[in-house]
Amino acid sequence: MSMADSRPIGIFDSGVGGLTVWKELINILPNESIVYFADSKNCPYGSKSDKEIINFSKKNVEFLLSQQCKIIVVACNTATAAAIDFLRKNYNVPFIGMEPAVKPAASNSKTGHIGILATQGTFNGKLFKETSRKYADNIETNIQIGVGLVEMVENFKADTNEAEVLLRQYIEPMINNNVDQIVLGCTHYPFLYNRIKKIVGNTATIINPSIAVAKQTQAQLLKYHLETSGNDVYYKFYTTGKIKIIIKIVKQISKKNHKPFIFKSL
Ligand code: DGL
C-alpha cells in the first residue's frame with residue numbers, strides 16, 4: 001500500500017459507546033477519515049451469547065469493508081472478547097481490539113485493590129481472565145457488571161440522577177473495599193464520567209483506555225503503511241438505531257470546526 005492511503009478507518013461498537021474512542025482517534029489522527037458503525041438496534045451485546053456477538057460483529061465488519069475501510073477498530077470490549085479471534089482469522093484487514101485496562105490499574109495501585117466495571121460478556125471472555133492472571137495476580141480485583149449503564153448512555157441519560165443511582169450501587173462497594181483504581185471496561189462508560197467522578201472524588205483514579213486504543217491504532221497504521229496525510233477528511237456515522245441520538249452525541253463530544261459529518265440510518 002502507498003504512503004497515502006486515503007481509505008477510511010472503520011470503527012464499530014454495539015452502539016454509541018465507541019464514540020469515546022472515535023473522539024480520541026480524531027485528536028491524534030486528524031488527517032484520517034473515519035466510518036463509524038453503531039449497532040444500536042442490537043445493543044446491548046453484553047448479555048448476549050458469543051455466537052450472537054460473533055454474528056453481529058461479522059455483519060458490522062462486512063459493512064465497514066464495503067465502505068473500503070483499511071483497518072478496523074473494534075471499539076467494544078464485549079465484541080473484542082467474543083469475536084476478535086474470529087475476525088482476525090476470517091478477514092484480511094488489521095484489527096485493533098479493546099480489553100479492560102487491568103495492567104495499568106494493577107501497576108498503579110498502591111492499596112492493592114482495583115475495581116473493574118464492565119459487561120458480563122467482557123468478564124466471561126478469556127482475554128479478561130488471561131490479563132487478570134498475568135498482571136493482577138497479587139491484586140484484589142473487584143469486578144462489577146454495569147447492568148443498565150449501557151442503556152442509560154444509549155438513551156442519552158448518562159448525566160442524570162437515574163444513572164447516578166445505578167453507579168452508586170456499583171461503585172460504593174468498590175470504594176469501601178479500598179480500591180484506588182477504577183477501570184472503565186466498556187466504551188460506553190466514559191460518557192458517565194461526570195457522575196462517576198462525583199461518587200469517586202479523589203479516592204480513586206478512573207482509567208479510560210480509549211486514548212491507549214487510539215495510540216495503538218496510530219501505531220498499526222504506521223506498521224502497515226496505511227497512514228495518509230489526507231485533505232478531504234470526512235466522518236461518516238451509520239446506525240441501526242435512532243439517528244437523532246447519534247447526531248446529538250457526536251455534536252456533544254465534537255469540538256467546533258470539524259470536517260464534514262455524514263449521518264445515515266440503516
Ligand atoms: N461498548 C460496549 C463495550 O465496550 C458495550 C457493551 C454492550 O453492548 O453491552 O463492552
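Refer to the structure above for everything that follows.
Here the structure is a predicted model, which means the values were calculated and not measured.

A. Fine view of the overall build of the chain. For the chain, the count of helices and strands is eleven helices and ten strands. On C-alpha atoms alone, the chain measures out to a radius of gyration of 18 Å, which is about the 18 Å that the 2.2 N^0.38 rule sets for 266 residues. Principal-axis analysis of the C-alpha atoms places the extent of the chain at approximately 50 × 35 × 35 Å. Looking at the chain residue by residue over its 266 residues, the buried ones come to 55%. A total of about 12,300 Å² of accessible surface is found on the chain, and carbon and sulfur atoms cover 50% of it.

B. Expanded view of the environment of Asn 77. Summarising the element assignment, Asn 77 is placed in helix H3 (residues 77-90). A residue is classified by how much of its surface remains accessible, and Asn 77, at 3% relative accessible area, is buried. Setting aside residues no more than four positions away along its own chain, Asn 77 makes contact with Met 98, Glu 99, Pro 100, Thr 122, Gly 185, Cys 186 and Thr 187.

C. Helix H2 (residues 50-66), seen in detail. In a regular helix each residue adds 1.5 Å, so 17 residues correspond to 24 Å; H2 covers 24 Å between its end C-alpha atoms and thus fits that length. All of the buried residues along H2 are Ile 53, Phe 56, Ser 57, Asn 60, Val 61, Phe 63 and Leu 64. For H2, the arc enclosing every buried residue in end-on projection is 160°, short of the 170-degree limit, so these residues lie on one face. Relative to its buried face, H2 has exposed residues pointing more than 90 degrees away, namely Lys 51 and Lys 59. Each element contacted by the buried residues of H2 is listed here: strand S1 (9-13), strand S2 (34-38), strand S3 (71-74), H3, strand S4 (95-96) and strand S9 (235-239). Where H2 terminates, the next one or two residues include Gln 68, which has phi positive at roughly 65°.

D. Region of the structure containing the side chain of Ser 254. Turning to its location among the elements, Ser 254 is positioned in the loop between helix H11 (243-253) and strand S10 (261-265). Classification of Ser 254 by relative accessible area gives buried; the value is 16%. From its side chain, Ser 254 meets the backbone oxygen of Val 250 in a polar contact 2.4 Å long. What Ser 254 contacts, discounting residues up to four positions off in sequence, is Trp 22 and Phe 261.

E. Up close: the site of the ligand. Every one of the 13 residues lining the ligand counts as a neighbour, but Ser 14, Tyr 45, Gly 46, Thr 78 and Thr 187 are closest to it. A distance of 2.7 Å separates an oxygen atom of the ligand from a polar backbone atom of Tyr 45. Between the ligand and the protein, one listed contact pairs an oxygen atom with a backbone N or O atom of Asn 77 at 2.8 Å.

F. Just the sheet that holds strand S7 (residues 181-184), in detail. Strand order in this open sheet of four strands is S6-S5-S7-S8, and the pairing throughout is parallel. The sheet is open, and its two borders are formed by strand S6 (140-145) and strand S8 (205-207), each paired with just one other strand. Averaged over neighbouring strand pairs, the angle between their axes works out to 20° when direction is ignored. Two elements, strand S5 (residues 113-118) and S7, share four bridges in a ladder whose sense is parallel. The partner of Ile 116 across the bridge, within S7, is Val 183.

G. Structural view of the pairing of S1. Counting buried residues in S1 gives five out of five residues, a clear majority hidden from the surface. The side-chain alternation of S1 yields two buried faces, one formed by Ile 9, Ile 11 and Asp 13 and the other by Gly 10 and Phe 12. Note on the crossover from S1 through helix H1 (residues 19-28) to S2: the handedness is right-handed. Pairing geometry for S1 and S3, over four bridges, is parallel. The residue bridging Ile 11 from the neighbouring strand is Val 73, located in S3.

What counts as what
Residues numbered from 1 in each chain as written. Predicted model: local features only at pLDDT ≥ 70, side-chain atom pairs only at ≥ 80, totals over all residues. Heavy atoms only, no water. Helix = DSSP H or I, 4+ residues; strand = E, 2+ residues; numbered from the N terminus. Rg over C-alpha atoms; globule rule 2.2 N^0.38 Å. Buried < 20%, exposed > 50% of the residue type's maximum accessible area, 1.4 Å probe, protein only. Areas by Shrake-Rupley, 256 points an atom, 1.4 Å probe, with all protein chains shown as cover. Contact = heavy atoms within 4.5 Å. Expected span 1.5 Å × (residues − 1). Arc of directions from axis to C-beta. Polar contact = N/O pair within 3.5 Å; in protein donor to acceptor, adjacent residues only side chain to side chain. Near = heavy atom within 4 Å. Pairing = 2+ DSSP bridges. Axes fitted to C-alpha atoms, helices over the stretch in contact; angles between N-to-C directions. Right-handed = clockwise from strand over helix to strand, strands pointing away.

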